[in-house]
Amino acid sequence: MITTGFTFGELAALMKQSAGATVDPAQLEAAPETPFGELGVDSLGLLGIVGELENRHGVALPTDAERCKTPAEFVALVNNTLAGV
């Protein structure tokens, strides 16, 4: 069971691991509406992040998860999905 939720820090780590984009977690939290493209993450990179999260949590994210445009949108989607499990 998830008790703390998915954070911008976790997203930053996954962005580096799955998409090769190094972003400071504080930057994500300070400017969560920055488009993924400006952070160096394309749709393929986001798909890799989605896959890693699905493997870690054993939960399928919505099929359009890789279409999220910003970290804020993605973190909200992941937390809403995990809260419904």
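The structure presented is a predicted model; accordingly, all values stated were derived computationally and were not measured.

S.K.: Any details on the overall build of the protein? Residues and values, ideally.
M.R.: Summing up its helical and strand segments, the protein has four helices and zero strands in all. Seen in sequence order, the protein has helices and strands lined up from the N terminus as α-α-α-α. A compact globule built from 85 residues would reach a C-alpha radius of gyration of about 12 Å, and the protein, at 12 Å, matches this within 12%. In terms of principal-axis extent, the alpha carbons of the protein reach across some 30 × 25 × 20 Å. In the protein, buried positions account for 35% of the 85 residues. A fraction of 54% describes how many contacts in the protein between residues 6 or more apart in sequence connect residues 24 or more apart. With an accessible surface of roughly 4800 Å², the protein has 52% of that area assigned to carbon and sulfur atoms. Of the charged side chains in the protein, 4 are positive and 11 negative; the average position of the first set lies 5 Å away from that of the second.

S.K.: Which residues make up the environment of H57, and what values do they have?
M.R.: Inspection of the secondary structure assignment puts H57 in helix α3 (residues 43-57). Considering only alpha carbons, one finds H57 and L82, 25 residues apart in sequence, at a separation of 8.3 Å.

S.K.: I'd like a rundown of the pattern of salt bridges, residues and numbers included.
M.R.: For the structure on display, the rule yields one salt bridge. Between R56 and E52 there is a salt bridge, with its nearest N and O atoms 3.1 Å apart. Of this pair, R56 and E52 are both found in helix α3, four residues apart, which corresponds to roughly one turn of the helix.

S.K.: Pulling in residues and values, what's your account of the nonpolar core?
M.R.: L11, M15, I49 and F74 are the most contacted members of the largest nonpolar core, which has 24 residues in total. Among the elements of the structure, α1 (8-19), α3 and α4 (71-83) are those that each provide at least two residues to this core. Of the residues forming this core, the biggest block, five residues, is contributed by α1. Excluding anything up to four places from it in sequence, M15 contacts G20, A21, V23, L28, F36, L39, V41 and I49.

S.K.: Outline the packing of α3 against α4, listing residues and values.
M.R.: Between α3 and α4, whose axes approach to 13 Å, the crossing angle comes to 25°. In terms of orientation, α3 lies roughly parallel with respect to α4. Note on packing geometry: the crossing formed by α3 with α4 is right-handed. Residue-level inspection shows L46, I49, V50, L53 and H57 of α3 in contact with α4, the latter providing F74, V78 and L82. Here the residues of the contact of α3 with α4 are counted per class, giving seven nonpolar, one polar and no charged.

Analysis parameters
- Residues numbered from 1 in each chain as written.
- Predicted model: local features only at pLDDT ≥ 70, side-chain atom pairs only at ≥ 80, totals over all residues.
- Heavy atoms only, no water.
- Helix = DSSP H or I, 4+ residues; strand = E, 2+ residues; numbered from the N terminus.
- Rg over C-alpha atoms; globule rule 2.2 N^0.38 Å.
- Buried < 20%, exposed > 50% of the residue type's maximum accessible area, 1.4 Å probe, protein only.
- Contact = heavy atoms within 4.5 Å.
- Areas by Shrake-Rupley, 256 points an atom, 1.4 Å probe, with all protein chains shown as cover.
- Lys, Arg positive; Asp, Glu negative; His and termini not counted.
- Charge placed at Lys NZ, Arg CZ, Asp CG, Glu CD.
- Salt bridge = Lys/Arg side-chain N within 4 Å of Asp/Glu carboxyl O.
- Core = buried A, V, L, I, M, F, W, Y, C linked by side-chain atoms within 4.5 Å.
- Axes fitted to C-alpha atoms, helices over the stretch in contact; angles between N-to-C directions.
- Parallel < 35°, antiparallel > 145°, perpendicular 65-115°, else oblique.
- Left-handed = near helix turned anticlockwise from the far one by under 90°.
- Nonpolar A, V, L, I, M, F, W, Y, C, P; charged D, E, K, R; others polar.

Functional significance is not addressed by these values, which are geometric in nature.
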